[in-house]
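Tertiary structure, described
Each chain, letter by letter, is given below.
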Amino acid sequence: MSTVIAEPTTAAAGQAFVPVPDEILVGGRWRRGGGPESAVLDPATGDVLQRVGQATADDVDAAARAGAAAAADPAWRDLLPHQRARHLVRIADAIEAGAARLALLQTYNTGKTLAETTALVASAAGTFRYFAAALETGDDELTSRRGNSLTMSVHEPIGVIGAIAPWNSPVASDAQKIAPALAAGNAVVLKPAEWTPLVSLALGRLIDESGLPKGLLSVLPGRGSVLGEAIVTHPGVGKVTFTGGTATGRRIAHHGAERLIPVSLELGGKSPTIVLDDADVDVAVNGVLYGIFSSTGQSCVAGSRLFVDRKIYREFVDTLARKASQLRVGPGLDPRTQVGPMVHPAHRDSVAAYVDLARAEGGRVLCGGAIPDEDRLRGGAYYPPTVIEGLGNDARACQEEIFGPVLVALPFDGEEDLVAMANDSVYGLAAGIWTGDYRRAWPLARRLAAGTVWVNTYKQFSISTPFGGVKESGLGVEKGRAGIAAYSRQKSVYLGLDTQPHPWAD
Ligand code: NAP
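All values derive from a computational prediction rather than experimental measurement.

Procedures and definitions
- Per chain, the residues get numbers from 1 upward, laid out in the order the sequence is written.
- Thresholds applied to this predicted model are a pLDDT of at least 70 for local features of residues and 80 or more for the giving and counting of side-chain atom pairs; totals over whole chains, interfaces and linings are not thresholded and use all residues.
- For the side-chain quantities, the full set of heavy atoms in the structure was used; hydrogens and water were omitted.
- Annotation comment: domain bounds sourced from an automatic or database domain assignment.
- Here, two residues are considered to be in contact whenever any of their heavy atoms come within 4.5 Å of each other.
- Buried area is calculated as the accessible area (1.4 Å probe) missing from two parts once they are joined, with the contributions of both summed.
- In what follows, salt bridge is the name for a side-chain nitrogen of Lys or Arg lying within 4 Å of a carboxyl oxygen of Asp or Glu.
- The definition of a polar contact used here is a pair of N or O atoms within 3.5 Å, where within protein one atom must be able to donate a hydrogen and the other to accept one, and adjacent residues in sequence count solely through side-chain atom pairs.
- Within this scheme a cavity is a closed region of a 1 Å grid, computed over the protein atoms alone, that accommodates a 1.4 Å probe without allowing it to escape, whereas a pocket is open but has protein on both sides within 12 Å along at least five of seven lines; lining residues each have an atom within 4 Å of a point.
- Grid points are joined across faces, edges and corners, and a volume is the space filled by probe spheres set on the points.
- Each residue is assigned to one of three groups, with Ala, Val, Leu, Ile, Met, Phe, Trp, Tyr, Cys and Pro labelled nonpolar, Asp, Glu, Lys and Arg labelled charged, and all others, Gly among them, labelled polar.
- Pairing between strands requires that DSSP locate at least two bridges from one strand to the other.
- By the criteria applied, helices consist of DSSP H or I runs no shorter than four residues and strands consist of E runs no shorter than two, each listed in order from the N terminus.
- What counts as an axis is a line fitted to C-alpha atoms, over the stretch in contact for a helix, and the angles between N-to-C directions run from 0 to 180 degrees.
- Summary of the distance rule: residues count as near a molecule or strand when at least one heavy atom falls within 4 Å of that molecule or strand.
- Where accessible areas are quoted, they stem from the Shrake-Rupley method and a 1.4 Å probe; at the residue level, only the protein chains shown are allowed to cover.

**Overview of the domain arrangement of the chain**
Along its sequence, the chain is organised into domain 1 (10–267 + 473–491) and domain 2 (272–455). Inter-centroid distance (C-alpha atoms) of domain 1 to domain 2 is 31 Å. With 24 residues of domain 1 at the contact, the number on the domain 2 side is 25 residues. Buried surface at the junction of domain 1 and domain 2, both sides included, amounts to about 1900 Å², of which 62% is carbon and sulfur. Counting the surface domain 1 buries against domain 2, the share from its top three residues, W167, W195 and S473, is 28%. Taken together, the links from domain 1 to domain 2 amount to 0 salt bridges. Here domain 1 and domain 2 share 9 residue pairs in polar contact (both at pLDDT 80 or more) between them.

Put into structure tokens, the structure is as follows:
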């Protein structure tokens, strides 16, 4: 089956790439990064969009010091929750006002479709509004008295938060870290991924211009092994919030343990998506396709392992592969595109290598499986939706996170067989169940080792709903009202009510 490719388009007016100023935000000052330059690519064409001077370890030091000073400044420290919330609302307004530019930048830099990046920008603004509301309505606690004192538990900021983000959804992951961290009264030193610094720099500028006190936010693009390490090990950084791969997360957790600072980790996944024999096939096919192939499979929660009841396996998987081969592959700027390019040619090559490995392990490729050779896509980091079957659950393609548009399909026989295979993974981020009977879904959802289970839907997110992984998919949760507490320290205060001297000292 051949892959359908979207027709060529030229960038419409208003869609041309406009570079961001080549400046990074260090402790309230914009200046050119003094580190090596990185070439930021348009993955749809392979062209260099612009070059960005990376930050240096000295910039991390300056940012952490300025952050600590700004967080301790009474102008920020003494703001009441509703006053701090106003800053978050202003940031949300600024994001909405700059939404078209942010979405376009993210499409250029990550390859995602404009529809997706527009939704991600809206969600970033919503994240700031949500945490503004959560801040205004969150209460400290009066705890039960066990003696003659009034006892309270109050939340206080940690100080400087090191925030390290991956390349797949920068604007949304940046917001999910910056908003609750500021809401809790902290300063933030943000490091975007080396491949995708543009939208984070543009977001930093919007936040800076919204009137947030200087020094509370720094945006430091650079390589993880240099700059990320400098942030995680800086003595002024009091917590690290990280989203990215499990190997990096483990390394950051080691540093956190050395320094005895809290670390929250949103890591990788290899999520099972399960089709029971009573599922509505049309609904399930489209849901499975969306769950794996939207964002070109570059989603931590991508439903990349498909388990189908053997009774309906053949028909289901053949239908799915046929529809997958008809998904429109093309540039993210083309409104007809469903599957954009991968973020970078190097990442596309790693995905292609996994498919070769799956073939070598005995897998049958039902659709996709080769870098497209159409003229118009040449130069871009494209890889088509690919469905593979015939592998054992222990094959590397079934166990390792490929992070691309590759789905492995396996039949199952009964619930015990299914649960054993679905849970046979080092990961535990998400899972999907497609069924006509919620009474079957409920006990199954409870048996799956996953932080999130979707039933008859997939990749739906709500900022009000906590999100996190189990096993090697993470530590801690983001989102939800408790999201602010994750950036706070709890302090207990006892107000003694005795009016007489303590008898012990007499
Ligand atoms: P990654 O290689 O782990 O990188 C993530 C971030 O960490 C990047 O900013 C990277 O910088 C930085 N980094 C790399 N080495 C570092 C080090 N030694 N110390 C500190 N920082 C370091 O992951 P990725 O390839 O960008 O992202 C894909 C992964 O993220 C996938 O595994 C995906 O599942 C996961 N993810 C998880 C979630 C979730 O919520 N659970 C969401 C999205 C993505 P450079 O890139 O500049 O080197």
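Still to come is the rest of the account.
**Some details on the layout of surface pockets**
If you add up the space inside the second largest pocket, you get close to 620 Å³. Lining the second largest pocket we find 25 residues, and of these R84, L135, G138, D140 and H155 sit closest to its centre. Here the residues of the lining of the second largest pocket are counted per class, giving 12 nonpolar, 5 polar and 8 charged.

**Brief notes about the sheet that holds strand 5 (residues 141–143)**
The sheet built from 3 strands is open, its strands ordered 5-6-22 with antiparallel pairing. Edge strands, defined here as strands with exactly one partner in the open sheet, are strand 5 and strand 22 (488–496). Taking each pair of neighbouring strands and ignoring which way they run, the sheet shows an average axis angle of 30°. By the bridge criterion, 3 bridges tie strand 5 to strand 6 (residues 149–157) in an arrangement that is antiparallel. Across the sheet, T143 pairs through a bridge with T151, a residue of strand 6.

**A few points about the site of the ligand**
Taken together, 30 residues form the shell around the ligand, and within it A165, E194, T248, L267 and E401 come nearest. Contact distances for the ligand include 2.8 Å between an oxygen atom and a backbone N or O atom of G245. Within the complex, 84% of the 900 Å² of free accessible area of the ligand lies under protein. Going through the elements one at a time, helix 8 (224–232), strand 10 (239–243) and helix 9 (246–259) are the ones with two or more residues in the shell around the ligand. Among the elements that make up the shell around the ligand, the one with the highest residue count is helix 8 (4 residues). Split by residue class, the shell around the ligand holds 13 nonpolar, 10 polar and 7 charged. Taken domain by domain, the shell around the ligand gets at least three of its residues from each of domain 1 (10–267 + 473–491) and domain 2 (272–455).

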